[in-house]
Each structure stands twice: as C-alpha cells, then as structure tokens.
Amino acid sequence: MQMISAFTPSQRRKPEKVGNEIYLFLKEKLRLPINREKSGIRRPSNFEMLGHAFVPTYQKGVKGKYQLVVKKNSWDSLKRKLKQITKKTKPYSFEERLKKMAEVWRGWVNNYRLASISAKLKSLDEWLRNRLRYCIWSR
C-alpha cells in the first residue's frame, strides 16, 4: 500500500536528514542506544507521548502551529483519583481529604504544566468543589 503525500520528495528528505544527524550524534557522541522504530519522524498530530499529544491551533491565516494538550485518558485518570478521595463514605477528616487531594493535584499539574490545561482545570475545580461540599453536607 503506497502512502499519498502532499510533500515533494525533497521536502520529505529534509526532516529525514536532520533526524539522521541527531541519531548519529546520540549514538556516536553520547553512546545512547536508540530504537529507530520508536524514534521516527512523525507529524505532530499523530504523536503522543507520556500522556501528552499535539493538536493544531486554529487561527485565521496561521498554518503549521500546534499546541501541547493532555490526552483524554490522563484527564480521566486524574478525575478517577480525585473522585476516590472525595467519596463521602471514606472516613477521612476534611483536612486529610484536602491534603490527599493537594498531593494528587499538585503532582498532576506539575507533570502537565506545559500543556494547555487552564480551561479544563477550571471546570475540574468546579466539579471538585461540588464534591467537597457534598462531603461536608453528608457529615
């Protein structure tokens, strides 16, 4: 099966040349083992790594710009952890609950701080405040 590309052969050779130079530098100068299958040259929209992904920015007149985002399963994982901590049936005091939440929240935000997360964090914060309110009312 042949891939159809909008790029000319010379445009495809440029990234391959740079990739080969980087590969040789890492292998020969730094003596690092490199797996060629995992370390390929890809489009940002097809690339995911350690819970991060890239999506194109949609601005009029701007092409080829991408922003770093958090993958959906990473958001789900954070929400699942916070939901576990904020269950009203857990026998935590309110201070313990806040301390555990702060640990999870701080670690997660530090890991994904380079991504565009502010809007989603705001909605997650609203959801979390409602959960905490529910914990207080149930006591």
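Refer to the structure presented above.
Residues numbered from 1 in each chain as written. Predicted model: local features only at pLDDT ≥ 70, side-chain atom pairs only at ≥ 80, totals over all residues. Heavy atoms only, no water.

Trainee: Give me the lowdown on unusual backbone geometry, citing residues and values where you can.
Mentor: Look at Arg31: it is not a glycine, yet its phi comes out positive at around 55°. One can find Arg31 in the loop between helix 1 (9-29) and strand 1 (48-49). A positive phi angle is found at Leu50, which is not glycine, with a value near 50°. (Helix = DSSP H or I, 4+ residues; strand = E, 2+ residues; numbered from the N terminus.)

Trainee: Describe in detail the sheet that holds strand 2 (residues 52-56), supporting the description with residues and values.
Mentor: Spatially, 3 strands are ordered 1-2-3 in an open sheet, and the strand pairing comes out antiparallel. A strand with exactly one partner marks an edge of an open sheet, and here the two such strands are strand 1 and strand 3 (66-70). When strand 1 meets strand 2, the two strands line up antiparallel, connected through 2 bridges. Residue pairing in the sheet places Glu48 in a bridge with Ala53 of strand 2. (Pairing = 2+ DSSP bridges.)

Trainee: Report on the pattern of salt bridges, specifying residues and quantitative values.
Mentor: If the charged atoms of two oppositely charged side chains come close together, the side chains can form a pair. Following the criterion strictly, the structure yields 4 salt bridges and no others. Put simply, Glu48 and Lys71 hold a salt bridge, and the shortest N to O gap is 3.4 Å. Of this pair, Glu48 sits in strand 1 while Lys71 sits in the loop between strand 3 and helix 2 (72-85); the two residues are 23 residues apart in sequence, bridging distant segments of the chain. (Salt bridge = Lys/Arg side-chain N within 4 Å of Asp/Glu carboxyl O.)

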